[in-house]
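Breakdown of the fold
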Amino acid sequence: MDLPVILTNTSAELWPARTKWTAKHLQETMDVPLRGVKVTPRKQGEASTPFFYFHKSPMDSHPELLADYKQRAYTRMNMTMQEFFLKAANRSDPHTYSYADKLDNWGVEWLKDVLPLEAFIVVSPGFDPANDHLFRQTHVWVSPPNTTTPCHFDLFHNFYVQLAGRKRFLLFPPAQWQQLYLYPLLHPAGRSTQVDLDGDVAEQRRRFPAYVPGHVRALVADLGPGDVLYLPPLWFHHVTAVGSEASVSISVWSPYLAAEIAVKIAEKVPLPIRKSWSSALAVAALRTYLESLVAALDELSMNVADFVSWTLLENRYKFVGGPVNYEAMPGVYCWDEAQFNQLLVEAEELVRTQLTLAVDYFRGVLRLGGPDRLPLFLADYFEVTVNSVVGPTNVRQFLRDLVYC
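Residues numbered from 1 in each chain as written. Predicted model: local features only at pLDDT ≥ 70, side-chain atom pairs only at ≥ 80, totals over all residues. Heavy atoms only, no water.

This next bit is on the state of the cysteines. Counted under the stated rule, the structure contains one disulfide. Each disulfide pairs two cysteine sulfurs, and for C334 the partner residue is C405, the sulfurs being separated by 1.9 Å. On the sign convention where negative means left-handed, the S-S torsion of about -85° between C334 and C405 marks this disulfide as left-handed. In this pair, C334 is assigned in the loop between α12 (304–316) and α13 (337–369) and C405 in the segment after α15 (395–404), connecting sequence segments 71 residues apart. For C334, a relative accessible area of 31% translates into the label partly exposed. (Disulfide = S-S within 2.5 Å. Helix = DSSP H or I, 4+ residues; strand = E, 2+ residues; numbered from the N terminus. Buried < 20%, exposed > 50% of the residue type's maximum accessible area, 1.4 Å probe, protein only.)

Set out below in structure tokens:
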């Protein structure tokens with residue numbers, strides 16, 4: 001199934017957590033310290049407050065690439081569960097607080113309250129539940145009212161179980177990445193959208209030309225205690241705790257085979273570049289390889305310039321590091337016929353061999369994930385491979401030169 005669905009009257013209704021895990025119970029009995037509580041400046045008025053992701057990433061040590069993003073991102077604090085709820089309930093506190101962690105970190109006694117989990121595990125070919133540590137990840141989420149997780153997607157099958165309080169999901173299919181403007185994968189907010197669904201609509205429309213609210217159709221899923229939302233991999237979701245009570249939820253993630261293959265291609269298929277080569281020859285090899293990869297994936301029906309412009313330059317990288325005029329930028333990594341001829345002499349067979357492997361992997365990703373997900377995975381691969389050769393501060397320049405020279 002590739003559509004979200006709300007399930008009711010599931011086995012989760014029989015879990016002890018379904019009735020026990022109230023805010024009162026957690027405050028009175030939870031003795032595990034909460035690590036990494038997200039702390040975000042509170043929005044004025046009654047509007048919900050989103051936190052903005054700031055994951056460790058290749059760009060996070062380059063302030064010039066992050067512009068004002070870091071000022072909006074959350075910070076982290078450690079505290080007890082009692083302190084968490086006291087701070088969350090204090091409306092004069094200039095911050096809001098939200099918490100997420102792997103349930104395994106709470107200890108086995110808490111895990112027993114949500115067993116059995118088998119009904120919410122998706123078994124994919126090639127995964128052994130007994131031995132694969134990624135086979136099941138169970139996360140717990142605790143949020144006071146009016147806190148929001150901004151729009152993003154995950155790489156897993158997700159069964160989201162609402163235990164206490166209420167949450168509202170805005171859901172978008174994978175193909176709507178074009179309208180929602182992802183951050184680069186290399187950015188601390190990778191896999192989140194640059195369009196701020198909590199921001200001023202007119203401002204978002206001005207900044208992001210393809211974002212037309214009437215054409216970006218969200219499915220709305222309202223969850224109450226006992227409801228379970230199945231969320232397919234790579235579906236965008238924007239989540240807000242609504243109502244007057246704190247929200248307590250768990251999510252059960254299972255691996256998605258298409259994503260498991262896609263994220264490992266860079267590891268399994270080394271680039272056709274030798275350590276002894278000059279940087280110019282390495283750039284020539286990377287250009288040739290990526291151009292040939294897009295050409296070989298005839299399912300895309302486009303050349304590398306069109307693909308890079310569509311998925312990266314005019315989407316992920318359009319505003320990261322400040323707006324630019326691509327046509328006016330001088331070329332740095334342009335086509336070099338002399339280097340290409342040298343590459344043909346030194347490594348034509350190497351390029352051909354690695355290209356064949358990569359094409360086979362991406363065709364597997366297409367078969368398992370479908371045409372709407374392939375551009376997302378392939379754009380990720382472009383970012384990872386280009387970063388490995390020229391570094392994060394030069395990725396946009398390299399991508400620009402693939403299109404313009």
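Strand order in the open sheet made by the eight strands is β1-β11-β8-β13-β6-β5-β2-β4, with antiparallel pairing throughout. Of all strands in the sheet, those bounded by a partner on one side alone are β1 (5–7) and β4 (75–79). This sheet shows a mean twist of 25° between the axes of neighbouring strands, independent of strand direction. As paired strands, strand β5 (residues 95–102) and strand β6 (residues 137–143) are joined by four bridges and run antiparallel to one another. From the neighbouring strand, A100 faces β6, where its bridge partner is W141. (Pairing = 2+ DSSP bridges. Axes fitted to C-alpha atoms, helices over the stretch in contact; angles between N-to-C directions.)

To continue, consider the pattern of salt bridges. Inspection of every chain in the model, using the stated rule, returns 18 salt bridges. A salt bridge links R363 to D298, with the nearest nitrogen and oxygen atoms 3.6 Å apart. Residue R363 is found in helix α13, and its partner D298 is found in the loop between α11 (279–296) and α12; the two are separated by 65 residues along the sequence. Here the salt bridges do not stand alone but share partners, grouping R191, R316, D380 and E383 into one network. (Salt bridge = Lys/Arg side-chain N within 4 Å of Asp/Glu carboxyl O.)

Before going further, it helps to examine α12. A maximum bend of about 35° is found in α12 at W310. On its buried side, α12 packs onto α7 (177–180), α11, α14 (374–390) and α15. Where α12 begins, the capping side chain belongs to N303, and its oxygen is found 3.2 Å from the backbone nitrogen of A305. (Bend = angle between axes of the 7 residues up to and from the residue. Contact = heavy atoms within 4.5 Å. Polar contact = N/O pair within 3.5 Å; in protein donor to acceptor, adjacent residues only side chain to side chain.)

Let us look at the pairing of strand β7 (residues 147–152). Put simply, side chains in a regular strand alternate between the two faces of the sheet. Along β7, six of the six residues are buried, which leaves the element largely enclosed by surrounding structure. In this sheet, strand β12 (residues 236–242) lies alongside β7 in antiparallel orientation, the contact comprising three bridges. Of the residues in β12, the one forming a bridge with T148 is T240.

The subject of this paragraph is the environment of R207. One can find R207 in helix α8 (residues 201–207). Note: C-alpha distance between R207 and Q194 (13 residues apart in sequence) is 9.7 Å.

Running from N to C, α12 and α15 cross one another at 140°; their axes reach a closest spacing of 8 Å. In terms of axis orientation, α12 runs oblique to α15. Two packed elements cross with a definite hand, and for α12 against α15 that hand is left-handed. On the side of α12, the interface is formed by V304, A305, V308, S309, L312 and L313, while α15 contributes R396, L399, R400, L402, V403 and Y404. Taken together, the residues of the contact of α12 with α15 break down into nine nonpolar, one polar and two charged. (Parallel < 35°, antiparallel > 145°, perpendicular 65-115°, else oblique. Left-handed = near helix turned anticlockwise from the far one by under 90°. Nonpolar A, V, L, I, M, F, W, Y, C, P; charged D, E, K, R; others polar.)

Contact pair α12 / α14: the axes reach a minimum separation of 11 Å and the direction vectors enclose 85°. Judged by the inter-axis angle, α12 sits roughly perpendicular to α14. Where α12 approaches α14, its residues V304, F307, V308, W310, T311, L312 and R316 are matched on the opposing element by P375, L376, L378, A379, D380, F382 and E383.

A few words now on the packing of aromatic side chains. Where two aromatic rings form a pair, the distance of their centres and the angle of their planes describe that pair. Tallying each qualifying case throughout the model produces 19 aromatic pairs. Here the aromatic rings of W21 and W106 are separated by 5.7 Å at their centres, their planes lie at 40°, and the arrangement is tilted. Taken as a pair, W21 in the loop between α1 (17–20) and α2 (23–29) and W106 in the loop between β5 and α6 (108–111) lie far apart in primary sequence, 85 residues in all. The buried category is assigned to W21, whose relative accessible area is 1%. Relative accessible area serves as the criterion here: at 3%, W106 is assigned to the buried category. With a centroid separation of 4.9 Å and 45° between ring planes, the pair formed by Y181 and F208 is classed as tilted. (Phe/Tyr/Trp six-rings, centres within 6.5 Å; stacked < 30°, edge-to-face > 60°.)

Moving on, we come to the side chain of H139. Looking at the secondary structure, you find H139 in strand β6. With relative accessibility at 11%, the residue H139 sits in the buried group. Polar side-chain contacts of H139 include one of 3.2 Å to the side chain of Q137. If sequence neighbours within four positions are ignored, H139 has contacts with D101, K102, L103, S249, I250, S251 and W253.

Looking now at unusual backbone geometry. The omega angle of the peptide bond from L115 to P116 is 0°, so this bond is cis rather than trans. Along the chain, P116 falls in the loop between α6 and β6. The backbone of L234 shows a phi angle near 70°, a positive value even though the residue is not glycine. One can find L234 in the loop between β11 (228–231) and β12. On the basis of relative accessible area, L234 is assigned to the buried category, the value being 0%.

As for its position among the elements, E348 is in helix α13. By relative accessible area, E348 is classed as partly exposed at 41%. Taking the C-alpha atoms as reference, E348 lies 51 Å from R35; in sequence the two are 313 residues apart.

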